[in-house]
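# Structural features, examined
The chain contents come next:
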Amino acid sequence: AVTAVTQPFSAFLLVRRNSPSSHIILKRMWSSGAQADSEVAANLEHVRKRIANKSDGRDICLIAVSKTKPMSLIAEAAISAGHRDFGENYIQELVEKATLATDEDSADEISKSIRWHFIGRIQSNKAKLLCTVPNLFAVHTVHNEKIANALQKHWLDLHGPDAQPLRVFIQVNTSGEESKGGCPPDEAPNLALAVTQNCPNLQLIGLMCIGKYSGAEGDASPDFTTLNNCRSAAADALSLNPDTLALSMGMSHDFETALEYGATHVRVGSTIFGARVYAAKASSPTDTEVSPKDSTEVVKASS
């Protein structure tokens, strides 16, 4: 269990220098007793209680999906609520936030202990950048051998053969929708074998899927059943007990259902941080972009 730290603060300020290549500077301002005015800590506690009611005493990793949200809200969750696991969809945004959180001049020890989970789509030409993320705890979206091999190469090159292997999940497209990433379910066992046999600097820890986004698209239960079946098939191929492989499934609107189907990791964003507002962006070949429909966490005002 993580003990919450209730040290007060006023805000985090993100200041971007004029040079496109310069780092974002994080300046933290502490107050003499003022509490953060957001409800992130309270929302986190509410989600934790909902998880406890559905988990039958199992240890569940709650990943607070913080994409597009400012460091001030992440800081509140980490400091006031004692939370450590955060998920991001965009590689560049993750690099910036993780770099800020580990900045020697401005970051505190709590921020430096954040465990970052990447839950967005990966382009092979961005695998090296992803491997530079400080405190990268797990990548949930390995969907083919090309991506696995790229992560293997860059993790080894950047961190050396003696480093902790990069934890990865195989993403499975359980619904067969083109808008969602992941390998076909029948390819999951072979991909699991490939990662285990050919990528010694990656540690396969589980499988991941994106269920139906809303009731209008249908019940997500079949997706969760399919991922369980994929886990069993992958475990057979690897001669493992299925329970040794994690299941990353469930978002703001369906994480309780996912827990009923055995989820070990749930990815909750808008229920904790509030609905997201996506600003218009100029397209850039260097950006890792996915539309809200393609994202791991889809935002609805009612979620």
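Preceding this section is the structure that the text describes.
All values reported here derive from a predicted model rather than from experimental measurement.

This part covers the overall build of the protein. When its secondary structure is counted, the protein shows 10 helices and 10 strands. Considering the protein as a whole, with its 303 residues, one finds that 50% of them fall into the buried category. Of the contacts made within the protein by residues no fewer than 6 positions apart, 65% connect residues no fewer than 24 positions apart.

The bulk of non-glycine residues show a negative phi, and the bulk of peptide bonds are trans. A positive phi angle, near 55°, is found at D56, a position not held by glycine. Within the chain, T68 stands out as a residue other than glycine whose phi angle is a positive 70°. Structurally, T68 can be placed in the loop between strand 3 (61-65) and helix 2 (71-79).

Before going further, it helps to spend a moment on the packing of helix 1 (residues 40-54) against helix 2. To characterise two packed helices, one gives the angle between the axes of the helices and the distance between these axes. Put simply, helix 1 and helix 2 touch, their axes get as near as 8 Å, and they point 55° apart. In terms of their interaxial angle, helix 1 and helix 2 are classed as oblique. Handedness of the crossing formed by helix 1 with helix 2: right-handed. Residue-level contacts link V40, A41 and L44 of helix 1 to L73, E76 and A77 of helix 2.

Moving on, we get to the nonpolar core. Grouped together as the largest cluster of nonpolar side chains are 70 residues, with contacts concentrated most on F86, L130, L136, V139, L151 and I272. In terms of residue count, helix 2 provides more of this core than any other element does, seven residues in total. Once residues lying within four places of it in the same chain are set aside, the contact partners of V139 are F118, I122, L130, L151, L166, R167, V168 and F169. If you look at the next biggest cluster of nonpolar residues, it comprises seven residues, including A138, F169, I205 and M208.

In this structure the tally under the stated criterion is eight salt bridges. A salt bridge links R50 to E256; the nearest nitrogen and oxygen atoms lie 2.8 Å apart. Of the two residues, R50 is situated in helix 1 and E256 in helix 9 (residues 255-260); the sequence distance between them amounts to 206 residues. Salt-bridge contacts for D85 lead to R115; the nearest nitrogen and oxygen are separated by 2.8 Å. One end of the pair, D85, is in strand 4 (residues 85-88); the other, R115, is in strand 5 (residues 115-118), and 30 residues separate them in sequence. On the basis of relative accessible area, D85 is assigned to the buried category, the value being 8%. Through salt bridges with shared partners, a single network forms among E88, E93 and K97.

Taken as a whole and judged by the stated rule, the model has two aromatic pairs. Their ring planes at 45° and their centres at 6.1 Å tell us that F86 and W116 sit as a pair that is tilted. With F86 in strand 4 and W116 in strand 5, this pair connects stretches of sequence that are 30 residues apart. By the burial criterion, F86 is buried, and W116 matches it. Here the aromatic rings of F224 and Y261 are separated by 6.2 Å at their centres, their planes lie at 55°, and the arrangement is tilted. In this pair, F224 sits in helix 8 (residues 221-238) while Y261 sits in the loop between helix 9 and strand 10 (265-268), placing the two residues 37 residues apart along the sequence. Across from the ring centre of F137, 5.8 Å away, lies the NZ or CZ of R115, which sits over that ring. Taking NZ or CZ as reference, R167 lies 4.0 Å from the ring centre of F137, over its face.

Moving on, we come to the packing of helix 6 (residues 145-159) against helix 7 (residues 188-198). The interhelical angle for the contact between helix 6 and helix 7, taken along N-to-C directions, is 20°, at an axis separation of 10 Å. Viewed along their axes, helix 6 and helix 7 adopt a mutual orientation that is roughly parallel. When you trace helix 6 past helix 7, the crossing you get is right-handed. Packed against helix 6, whose contacting residues are E145, A148 and Q152, the element helix 7 presents L191, A194, V195 and N198 at the interface. Looking at the contact of helix 6 with helix 7 residue by residue, the class counts come to four nonpolar, two polar and one charged.

Burial along strand 4 is two-sided: D85 and G87 and F86 and E88, pointing in opposite directions, are all buried. The sheet contact formed by strand 3 and strand 4 spans two bridges and is parallel. Among the inter-strand pairings, A64 is bridged to a residue of strand 4, identified as F86. Note that the unit made of strand 3, helix 2 and strand 4 has a crossover that is right-handed. Alignment of strand 4 against strand 5, held across four bridges, turns out to be parallel. By the bridge assignment for strand 5, D85 is matched with R115.

Cut-offs applied
- Residues numbered from 1 in each chain as written.
- Predicted model: local features only at pLDDT ≥ 70, side-chain atom pairs only at ≥ 80, totals over all residues.
- Heavy atoms only, no water.
- Helix = DSSP H or I, 4+ residues; strand = E, 2+ residues; numbered from the N terminus.
- Buried < 20%, exposed > 50% of the residue type's maximum accessible area, 1.4 Å probe, protein only.
- Contact = heavy atoms within 4.5 Å.
- Axes fitted to C-alpha atoms, helices over the stretch in contact; angles between N-to-C directions.
- Parallel < 35°, antiparallel > 145°, perpendicular 65-115°, else oblique.
- Left-handed = near helix turned anticlockwise from the far one by under 90°.
- Core = buried A, V, L, I, M, F, W, Y, C linked by side-chain atoms within 4.5 Å.
- Salt bridge = Lys/Arg side-chain N within 4 Å of Asp/Glu carboxyl O.
- Phe/Tyr/Trp six-rings, centres within 6.5 Å; stacked < 30°, edge-to-face > 60°.
- Lys NZ or Arg CZ within 6 Å of the ring centre and 35° of its normal.
- Nonpolar A, V, L, I, M, F, W, Y, C, P; charged D, E, K, R; others polar.
- Pairing = 2+ DSSP bridges.
- Right-handed = clockwise from strand over helix to strand, strands pointing away.

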